[in-house]
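Listed below are the residues making up each chain.
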Amino acid sequence: MTAGQASGTVFPVGTTTVTYQVVDASGNTTSCSFDVTVNDNELPVISCPPNITQNNDPGVCGRTISYAVPVGTDNCPSPITTLIAGQASGTLFPIGTTTVTYEVVDASGNTAQCSFDVTINDNENPTISCPANITVNSDPGVCGATVTYTAPVGADNCPGSVTAMTAGQASGTIFPIGTTTVTYQVTDASGNTAQCSFDVTVNDNEAPTISCPADINVNNDLGSCGAIVFTIPVGADNCPGSATAMTAGQASGTLFPIGTTTVTYQVTDASGNTASCSFNVTVTDNEAPTIACPANITVNTDPGLCGATVTYTTPVGADNCPGAITSMTAGQASGTVFPVGTTTVTYQVVDASGNTTSCSFDVTVNDNELPVISCPPNITQNNDPGVCGRTISYAVPVGTDNCPSPITTLIAGQASGTLFPIGTTTVTYEVVDASGNTAQCSFDVTINDNENPTISCPANITVNSDPGVCGATVTYTAPVGADNCPGSVTAMTAGQASGTIFPIGTTTVTYQVTDASGNTAQCSFDVTVNDNEAPTISCPADINVNNDLGSCGAIVTYTIPVGADNCPGSATAMTAGQASGTLFPIGTTTVTYQVTDASGNTASCSFNVTVTDNEAPTIACPANITVNTDPGLCGATVTYTTPVGADNCPGAITSMTAGQASGTVFPVGTTTVTYQVVDASGNTTSCSFDVTVNDNELPVISCPPNITQNNDPGVCGRTISYAVPVGTDNCPSPITTLIAGQASGTLFPIGTTTVTYEVVDASGNTAQCSFDVTINDNENPTILSG
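Residues numbered from 1 in each chain as written. Predicted model: local features only at pLDDT ≥ 70, side-chain atom pairs only at ≥ 80, totals over all residues. Heavy atoms only, no water.

Draft legend 1. Region of the structure containing the overall build of the chain. Along the chain, the regular secondary structure elements total zero helices and 56 strands. Its C-alpha atoms give the chain a radius of gyration of 66 Å, more than 25% over the compact-globule value 28 Å for 786 residues. Reported as C-alpha extents along the three principal axes, the dimensions of the chain are approximately 245 × 65 × 30 Å. The buried share among the 786 residues of the chain stands at 35%. Considering only contacts within the chain whose residues lie at least 6 apart along the sequence, 59% involve residues at least 24 apart. (Helix = DSSP H or I, 4+ residues; strand = E, 2+ residues; numbered from the N terminus. Rg over C-alpha atoms; globule rule 2.2 N^0.38 Å. Buried < 20%, exposed > 50% of the residue type's maximum accessible area, 1.4 Å probe, protein only. Contact = heavy atoms within 4.5 Å.)

Draft legend 2. Fine view of unusual backbone geometry. The backbone phi angle of serine 78 is positive, close to 60°, even though this residue is not glycine. Within the secondary structure, serine 78 is located in the loop between β4 (62-65) and β5 (80-85). A positive phi angle, near 65°, is found at serine 733, a position not held by glycine. On the secondary structure map, serine 733 appears in the loop between β52 (717-720) and β53 (735-740).

Draft legend 3. Layout of the sheet that holds strand β21 (residues 297-300). Strand order across the open sheet formed by four strands is β21-β26-β25-β23, with mixed pairing between neighbours. A strand with exactly one partner marks an edge of an open sheet, and here the two such strands are β21 and β23 (325-330). Sheet twist, expressed as the average angle between the axes of neighbouring strands with direction ignored, equals 20°. (Pairing = 2+ DSSP bridges. Axes fitted to C-alpha atoms, helices over the stretch in contact; angles between N-to-C directions.)

Draft legend 4. Up close: the state of the cysteines. A full pass over the atoms with the stated rule returns 16 disulfides. Here cysteine 293 pairs with cysteine 359 through a disulfide, and the sulfurs are 1.9 Å apart. On the sign convention where negative means left-handed, the S-S torsion of about 70° between cysteine 293 and cysteine 359 marks this disulfide as right-handed. Residue cysteine 293 is found in the loop between β20 (274-284) and β21, and its partner cysteine 359 is found in strand β26 (residues 356-366); the two are separated by 66 residues along the sequence. Here cysteine 359 falls in the buried class, since its relative accessible area comes to 10%. Cysteine 375 shares a disulfide with cysteine 441; S-S distance 1.9 Å. Between cysteine 375 and cysteine 441 the disulfide shows an S-S torsion of about 70°. By sign, it is right-handed. You can see cysteine 375 sitting in the loop between β26 and β27 (379-382) and its partner cysteine 441 sitting in strand β32 (residues 438-448), a full 66 residues away along the chain. (Disulfide = S-S within 2.5 Å.)

Draft legend 5. Here's a closer look at the packing of aromatic side chains. Following the criterion strictly, the structure yields 17 aromatic pairs and no others. When the ring of tyrosine 149 is compared with that of tyrosine 184, the centres are 6.4 Å apart and the planes differ by 80°; the resulting orientation is edge-to-face. Highlighted residues: tyrosine 149 in the loop between β10 (144-147) and β11 (162-167) and tyrosine 184 in strand β13 (residues 178-187), separated in sequence by 35 residues. With respect to class, tyrosine 149 is no different from tyrosine 184; both count as buried. (Phe/Tyr/Trp six-rings, centres within 6.5 Å; stacked < 30°, edge-to-face > 60°.)

Draft legend 6. The arrangement of the pattern of salt bridges in detail. In total, this model carries three salt bridges according to the counting rule given. Its salt-bridge partner being aspartate 712, residue arginine 718 comes within 3.3 Å of it at the nearest N-O pair. In this structure arginine 718 comes out as partly exposed when scored by relative accessible area, which is 24%. (Salt bridge = Lys/Arg side-chain N within 4 Å of Asp/Glu carboxyl O.)

Draft legend 7. How the structure looks around the environment of isoleucine 504. If you trace the backbone, isoleucine 504 turns up in the loop between β36 (500-503) and β37 (505-514). Isoleucine 504 gets classed as partly exposed once you look at its relative accessible area, which sits at 28%. Between the alpha carbons of isoleucine 504 and glycine 563 there is a distance of 19 Å; along the sequence they are 59 residues apart.

Draft legend 8. Representation of the side chain of threonine 610 within the structure. Secondary-structure assignment places threonine 610 in strand β44 (residues 602-612). Aside from chain neighbours lying at most four places away, what touches threonine 610 is Ile543, Asn544, Val545, Gly587 and Thr588.

Draft legend 9. Fine view of the confidence of the model for the chain. The share of residues in the chain with pLDDT of 70 or more is 99%, and the mean pLDDT across the chain is 92. Averaged over each element, pLDDT in the chain is lowest for strand β1 (residues 14-23) (82) and highest for strand β50 (residues 684-694) (97). (pLDDT = per-residue confidence, 0-100.)

Draft legend 10. Here's a closer look at a nonpolar patch on the surface. A grouping of Met1, Tyr20 and Phe34 is seen on the molecular surface, where their side chains present a nonpolar patch of about 290 Å² in accessible area. When you line up the elements, tyrosine 20 lands in strand β1. Overall, the relative accessible area of 36% leaves tyrosine 20 in the partly exposed class. (Patch = residues over 30% accessible without salt bridge, like charges linked within 9 Å, V, L, I, M, F, W, Y side chains within 5 Å. Areas by Shrake-Rupley, 256 points an atom, 1.4 Å probe, with all protein chains shown as cover.)

What follows is the structure, encoded as structure tokens:
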């Protein structure tokens, strides 16, 4: 045998040529050969490790996994084990499940595979940090405060985390009074979440306001020991919920007692801030008490007495308030002896406020027994020549009485033998008895005078009115007439006396002198009083009110000022502004009143009515909107009804303060759109809604065509390079990953390897493509002759 193996030995896999040669003795040779072919159809064996499940490495979006690399075995030496899918041991495995496949190929091309899964769970929560707690005071005049903060953004070991506010309010919005907890949550691509919170506390330290009326001075109600007074101040605040309560004094509409009562009201807002004001209510008792005396009493003297015992009911006063005291101030008490004649009895009642009332009645005791007296007849004479009178003598009468010691007295006229003046002199004698009863007799002595008197008046007088008086006190020297006889009388017959108040205008003053005989003479002069004193008027204090709800103004009622003047007849009229009880516009309106007196003098006053618009405008946003992306776009054109604010006053302006306008392309995700309306007075109101654009458009990926190649010489496979497919998407930055097969530029084993690429967009939509790489082993084996 010159080649091959002996019979009964183990032939190797493949074809072995066995050659036998025979050599004869002469050296001649002959050979023969046959082939022994051994086919290896026994598959190699390979075993993979069990499935691996691990959490990600801290801070890494995956985990480095080392595993026991499987090595195939075969009945023949040198089988080749190759990683045909997944990742090599010691590499970073991504989050998710990666299937790792190994294949063993023996020298005959027999193959066996095993696979195991490497699952990397992302259990690492994302992180997020919120700003510190915020404490602010409310904005002036607002029941809250606009608070701005830096919105926190979460971080994660893997891309794709989303941060959203889950509670509270967005930065730059008006936070209400109190504490609002703002919470942000970050969610990573694996659904792990983390939250942080901070508190925004808005303190209401703005005190409410309250204004009390001016002090009130009233008289008591008729018949009552006090007066019912109506007025209730109401406080105001930047926040609703303020309460006004009386803390001292008496409630409006109750009976206030005589004297001064201090009334205090306090307003407390919802945050406990307070303000108070006070005013005095003074009730003056000017109602006089009442008292009634008995009727006058007339009696005759008691028999044998020079008087009479008189009894009457003692009067007692009454008053609207308790404490009135009644006392006798003149006369005699009931049951005493009243003398002959009239005694006036007076009683007075004084109430607790010092008001007084008196009543009187007369007690008359009559002595009805008269004395007797007789006079001479009347006497008529002319005056003595050159004398203003005449000396007259007559018989003096003497009275008699039933009572002793009557006294006769000349009570009128002149004594006998004296000079009687011009005119008639009545001479009267009276006799009075011991009880005061009288009797009289008279006679006339007439002296005639026919000579007229003389008189001269001052010049005309012109003055201005006295301050505050509808006239002027005018003093002049009153003219006095002269006569040849004493006893002339000068009297004013027209006009006014010196030292009295003369009215506005011209008053003619006339004096007449009349002598004792009735002869007269007159003179006159004019007193002119000019009114150059302007009237006076006082307006109420400036008025500050808020607008009426829903109205661009406020109905304002004020006390209409009425002018006063030193003279009656002044007229008051409004010359600017608006009448009380009308709708005043927002802003300041100056109201002016003018008073004109009867002489044309004028005066005016003004006050301001300021109406503040503190009524916030209103605005309503549409409901939240959710749409899919437009084809081929990383967003969607969203159209909505643009909200327009409304207000009680014209001029409100609505503007978008966050988000995007209707009809624009909104990005994928949630965009908060905020609109704000600002009225002409600067009051603001906002509303918001969310526009959510979902990306459900799959990415696109295209793989190269299938590849078929022969193995590299001497290598059980071939290094294959191919154009690595890159996915595209309607949104930027899709991620393309090799999920099966081998990377370009690596050694592909004999056989067919399916290469699969997957593209994942930012919204988690996926697409795949695959192609086959087939490596044919067309390289013959070699055999070395033994």
